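Understanding the architecture of this molecule
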Amino acid sequence: MTTQSIPDARPRARGSIASSSIETGTGAGGTAPRRRSAAWLGFTPFAAYVVIFLAIPAVIAVASGFFGADGGFTLANLKALTDPVIIKSFQGSLLVSAVSAVVGAVIGALVCFALLGTKAEGMLRTVIDSASSVLAQFGGVMLAFAFIATVGFQGIVTLYLKNTFGFDINADGALLYKIPGLILPYTYFSVPLMVLTFMPAMEGLKSTWGEAAATLGATRRQYWTRIAMPVLAPAFFGSVLLLFANCFSSFATAAALLSQGGIVPLSIKQQLTSETIVGVSNTAGVLALGMLVIMVVVMFFYSLLQRRAARWQR
Amino acid sequence: MSAVPLTSTAVEPTTVPSPSPRRGRTPRVGAEPSKAARLIILIAVGLVFLVPLGAMFEFTLRTSGKPGVYSFAHYASIFHTDPALGISYEPLFEGIRNSLLICLLTVAIILLILLPTMLLVELRYPRVRRVLEFVCILPITVPSIVLVVGFVPVYQRVAAVFGSQPWTLAFAVGIIVLPYAYRPIATNIAAFDLVTLTEAARSLGASWPVAIYRVILPNMRRGVISAVFLTVAVVLGEYTIAAFLSQNTFQTALLLISQTDSYVATIFALAALVFAFVILLIIGRFGAASPGSRRRRPRRVQP
C-alpha cells in the first residue's frame, strides 16, 4: 500500500469485488523491475504533449521578448515597459482587476454566507453551483453581448433609466466601451468565481465553534468578528487574489467590447497584429513576460494564503 | 472553574454594544444566517445577476427600428434566412461544427492521454502525483493570452504537418482544459480505494486491461463524466486561442456575426449559456446521486 497519503481520501468500497475482504493482496506495484522501467514509458504521450503545447509555447512567449529584430539576445526590448501607452495599459489592467476582484469578493462572500446551512447536494446549491460555473468560466464573448444588451446604447437598463429618471449612463460616451466600464462584466464573472472558491472555506466553519462561543457568552457579532472572520481571512484574501488573477488574464470579454487597447491583453493583441512601438521588437513577448511576472507573484501569494486557510478546513 | 453565565460577556469586555442574544426568537449560534437574511441576499443578488441575461432575451425579441414591438422573428430568421438581407449564417454554423469537432478531439486528449497518465501515477508512481498536479494546474497561472504569443510560432510548425485546419486547435485547447479536467478526476480517484480495488482484481486473476476496464473505470464514471462535460463547456466558450490562430470557431463566429446581425448572435450566445448551464446542472445532479465527492468542480488552484 503506497498511496495512502491522499489528504482527503475517503476509502469507500463500491461494487461486489470490494466487499470481499482483501487482506492478502500481494501488491500490484511489487512486480519485476523490468516491468517497472517499461511502465515509465507510459508517461511519454502526456509528457510529450505538455512539453510541445505548454512548455514550449510558454518559454517562447517569455523568451521572445529578449530577442531583437536581428535575432540576437537583447534586453533593449524591456524598455517597452516604460512606454507611456504600455504603462497606461498595465495601470488599466491592475485597476479594473483590483476593483472587480474586491467588489466581486465582497458580494460573493455575502452569497456564500447566505448559502451556509443549505444542503450541499440540495437543488438550490446545485443550481447556484452550475450557474456560477457557467458565468465564471464560460462567459467571455457572450457576457459582452449580455452587457451590451443591458447597458449599451439601446440596453434595457439604459433605456429604463433614461425614460424613468432622465438619467443617461452613457452621457459621456458609451460606458461599456471604456476601460472602467469593464468593471461591470468583470465583477459579473468574479462574483460566481468567488462563490465557487470561497464556499468550501465558509463551510469549514465548525458549528461547534459557534456553540462554544455562545456558551462562553459571545454574541453573534462577537462570534463573527473574533472567530469566524479571523478564521476566514486567509481564504477570503486568497480568493481575492484568485479573482484578481482571473480578471487580469481575461481577454475575450474585453476583446468583444473594445477595439483599441487599454488593458494588457488588448495591448498584446495590438502588438501581435503588428502595431509595434517604435524601436522595439517583440513587444508582445515583453508584455507577456510582464503579465506572467504579475500572475506568478499573485498566484504565489494565493498558494501561501490557501495553505494557511487549509489549516481550518480539515 | 465555575460555569460561565450564558448571557454575560465573560470572555473579554468589548466595545461592541451587545444586546442580549435572546430577542424574541430562539437565539441562533454559529455562522448560519437567519432565514430572512438568506432570502434577502439570495433574491437580491439573484435578480441583479438575472438582469443581463434577461436583457439578452429581451434584446432577441426586439424588432429593429420599432421600439416596443416584440416578436420571435429573429429566431425564425435563423432557419429561414431572408435572402433580401443578404446575411448568411453559414460562418456561424461552420464555427459550431468546428467547435464540436474540437470538443470531440479535446475530450479524446483528456480520455486517452490525461486519464491513463493519472491512473499510471496512482497505481505505479504515487510520488509523481505532486508533479502531475502542478503541471495540470499550471495553465491557470499562465493566461491564455500569454500562451497565445507562444502558440503562434508553434502552430506554424503544426500547420506544416497537419495543414492549417480548425481541428488542430484541439491541442492548444486541451492545455487550457487541463485544470478543469484534472480536478474532478483527481477528486474521484481520492474518493475510492483505487489501489486496493486494483490489487483485488489482480489477485482474483484479472489482467491489467480487464482490471482497468471492468473495475477501475466503472468506479470513475462520475469524475470522468464531470471532466468531459466541463471540457465541452470550456471548449465551446474558448475564444482567445481561436481568435489569434485565425480559426473559425463558435465564439469567433459569434463575434463576427454580431457585426452584421447582433440579434442572431445574441440568440446563440444566450442559447450557449443555457446549454452550458444545463450540462453543468446534469453534472451536479449526477454527483448528488451518490455521496462521496462533494467537491467535484475544479476550484481553480488548490495546492
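Residues numbered from 1 in each chain as written. Chains lettered and ligands numbered in written order. Predicted model: local features only at pLDDT ≥ 70, side-chain atom pairs only at ≥ 80, totals over all residues. Heavy atoms only, no water.

Focus on the overall build of chain A
Counted only if it meets this: The numbering of helices and of strands both runs from the N terminus, where a helix is a DSSP run of H or I of at least 4 residues and a strand a run of E of at least 2. Exposed residues in this analysis have more than 50% of their type's maximum accessible area, buried residues have under 20%, and partly exposed residues fall in between, with area computed by a 1.4 Å probe over protein chains only. Here, residues are in contact when the closest pair of their heavy atoms is within 4.5 Å. Accessibility throughout is a Shrake-Rupley quantity obtained with a 1.4 Å probe, and a residue counts as covered only by protein chains that appear here.
Regarding its fold elements, chain A presents 13 helices and 0 strands. Each helix and strand of chain A, placed in order from N terminus to C terminus, yields the pattern α-α-α-α-α-α-α-α-α-α-α-α-α. When the 314 residues of chain A are sorted by exposure, 52% land in the buried category. Contacts spanning at least 24 positions in sequence make up 71% of the contacts within chain A whose residues lie at least 6 apart. For chain A, the exposed area adds up to about 14,200 Å²; of that, 67% sits on carbon and sulfur atoms.

Topic: the overall build of chain B
The secondary structure content of chain B amounts to 12 helices and 2 strands. The order of helices and strands in chain B, counted from the N terminus, is α-β-β-α-α-α-α-α-α-α-α-α-α-α. Residue pairs in contact within chain B that sit at least 24 positions apart in sequence constitute 72% of those at least 6 positions apart.

A short note on unusual backbone geometry
With a phi angle near 50 degrees, Ser246(B) is a residue other than glycine that sits in the positive phi range. Structurally, the position occupied by Ser246(B) is in the loop between helix 10 (240-244) and helix 11 (250-260).

Brief notes about the pattern of salt bridges
It is possible for side chains bearing opposite charge to pair when their charged atoms get close. Residues and elements named next belong to chain B. Rules: Think of a salt bridge as a Lys or Arg side-chain nitrogen and an Asp or Glu carboxyl oxygen that are within 4 Å of each other.
One pass over the full model with this rule turns up 5 salt bridges over all chains. Among the ionic pairs, Glu90 bridges to Arg97, the shortest N-O distance being 2.8 Å. For Glu90, a relative accessible area of 38% corresponds to the partly exposed category.

Focus on the packing of helix 8 (residues 183-203) of chain A against helix 10 (residues 220-249) of chain A
All names here are of chain A. Here is the rule we go by: Working convention: axes come from line fits to C-alpha atoms, limited for helices to the stretch in contact. Angles between N-to-C directions cover 0 to 180 degrees. Roughly parallel means an angle under 35 degrees; roughly antiparallel means over 145; roughly perpendicular covers 65 to 115; every other angle is labelled oblique. Helix crossings are classified by the rotation of the near helix relative to the far one: an anticlockwise turn of less than a right angle makes the crossing left-handed, while a clockwise turn makes it right-handed.
Interhelical geometry of helix 8 versus helix 10 gives an angle of 135 degrees and a closest axis separation of 9 Å. It follows from the interaxial angle that helix 8 and helix 10 lie oblique. Between helix 8 and helix 10 lies a crossing of right-handed hand. Residues Tyr186, Phe189, Ser190, Leu193, Met194, Thr197, Phe198, Ala201 and Met202 of helix 8 form the contact with helix 10, whose own contacting residues are Trp224, Leu232, Ala235, Phe236, Ser239, Leu242, Leu243, Asn246 and Cys247.

Observations regarding the side chain of Ser239(A)
Inspection of the secondary structure assignment puts Ser239(A) in helix 10. In contact with Ser239(A), not counting residues within four places along its chain, are Met194(A), Thr197(A), Phe198(A) and Tyr302(A).

A look at the nonpolar core
What counts here: In this description, a nonpolar core means a group of buried Ala, Val, Leu, Ile, Met, Phe, Trp, Tyr and Cys residues linked to one another through side-chain atoms lying within 4.5 Å.
With 183 residues, the main nonpolar core has Phe138(A), Leu182(A), Phe198(A), Trp224(A), Met220(B) and Leu254(B) as its most contacted residues. Ignoring anything within four residues of it in the chain, the contact list for Leu254(B) reads Met142(A), Phe145(A), Leu92(B), Ala265(B), Phe268(B) and Ala269(B).

Looking at the packing of aromatic side chains
Rule in force here: Any pair of Phe, Tyr and Trp rings, taking the six-membered ring for Trp, is counted once the centres come within 6.5 Å. Such a pair is stacked with planes under 30 degrees apart, edge-to-face with planes over 60 apart, and tilted for the rest.
Under the criterion given, the structure shown has 25 aromatic pairs over all chains. Aromatic pair Phe251(A) and Tyr239(B): ring centres 6.0 Å apart, planes at 20 degrees, arrangement stacked. Note that Phe251(A) is positioned in the loop between helix 10 and helix 11 (252-257) and Tyr239(B) in the loop between helix 9 (221-237) and helix 10, a pairing that runs across two chains. Take Tyr239(B): its relative accessible area is 9%, and that puts it in the buried class. Between the aromatic rings of Phe162(B) and Trp167(B), the centroid separation amounts to 5.1 Å while the plane-to-plane angle is 70 degrees, which identifies the pairing as edge-to-face. The partly exposed category is assigned to Trp167(B), whose relative accessible area is 27%.

Topic: the side chain of Thr117(B)
What counts, and what does not: Distance and chemistry together define a polar contact, namely a pair of N or O atoms within 3.5 Å, with one atom able to donate a hydrogen and the other to accept it when in protein, and with adjacent residues in sequence counting only for side-chain atoms on both sides.
Mapped onto the elements, Thr117(B) comes out in helix 3 (residues 90-123). A polar side-chain atom of Thr117(B) sits 2.5 Å from the main-chain carbonyl oxygen of Ile113(B).

Overview of the pairing of strand 2 (residues 66-70) of chain B
Residue and element names in this part refer to chain B. Selection rule: By this definition, two strands are paired if DSSP reports at least two bridges between them.
In terms of residue burial, strand 2 counts as a barely covered element, since only 0 of its 5 residues are buried. Where strand 1 (residues 62-63) lies against strand 2, 2 bridges are found, and the strand directions are antiparallel. The residue bridging Thr63 from the neighbouring strand is Lys66, located in strand 2. Where strand 1 folds back on strand 2, the antiparallel hairpin that results is connected by 2 residues, among which Gly65 adopts a positive phi of roughly 85 degrees.

Let's talk about a nonpolar patch on the surface
For clarity, the cut-off: Nonpolar side chains (Val, Leu, Ile, Met, Phe, Trp, Tyr) within 5 Å and like charges within 9 Å form the patches, drawn only from residues with over 30% relative accessible area and no salt bridge.
Judged by side-chain polarity, Val293(A), Val297(A), Phe300(A), Phe301(A) and Leu304(A) come together as a nonpolar surface patch covering roughly 440 Å² of accessible area. Relative to the assigned elements, Leu304(A) resides in helix 13 (residues 283-310).

Observations concerning helix 1 (residues 35-61) of chain B
All names here are of chain B. The test is simple: One less than the number of residues in a helix, times 1.5 Å, gives the span that helix is expected to have. The bend reported for a residue corresponds to the angle between axes fitted to the seven residues ending at that residue and the seven starting there.
Along its 27 residues, helix 1 runs 37 Å from first to last C-alpha, staying within 8% of the 39 Å computed at 1.5 Å per residue. The sharpest bend along helix 1 comes to roughly 35 degrees, located at Val51, with the proline Pro52 sitting one to four residues further on. Those residues of helix 1 that sit buried are Arg38, Ile41, Leu42, Val45, Phe49, Pro52, Ala55, Met56, Glu58, Phe59, Thr60 and Leu61.

Here's the deal with the confidence of the model for chain B
In regions of low pLDDT, the predicted coordinates are not meant to be interpreted in detail. All names here are of chain B. Threshold: Scored from 0 to 100, pLDDT reflects the predictor's confidence in each residue.
Looking at chain B as a whole, its pLDDT mean stands at 81, while 82% of the residues score no less than 70. Within chain B, no element has a lower average pLDDT than strand 2, which sits at 75, and none a higher one than helix 3, at 91. Across residues 1-24, where pLDDT falls below 50, the model places 23 contacts with residues more than four positions away in sequence or in other chains.

Side note on the confidence of the model for chain A
Here chain A averages 80 in pLDDT, and 84% of its residues register 70 or above. In the model, residues 1-32 of chain A has pLDDT below 50 throughout and makes 42 contacts with residues more than four positions away in sequence or in other chains.

Overview of the packing of helix 6 (residues 169-191) of chain B against helix 9 of chain B
Residues and elements named next belong to chain B. In the contact formed by helix 6 and helix 9, the axes pass within 8 Å of each other and the chain directions differ by 155 degrees. With respect to each other, helix 6 and helix 9 are oriented roughly antiparallel. Taken as a pair, helix 6 and helix 9 cross one another with a handedness that is right-handed. Residues Val173, Ile176, Val177, Tyr180, Ala181, Pro184, Ile185 and Asn188 of helix 6 pack against Arg221, Arg222, Gly223, Val224, Ser226, Ala227, Leu230, Thr231, Val234 and Val235 of helix 9.

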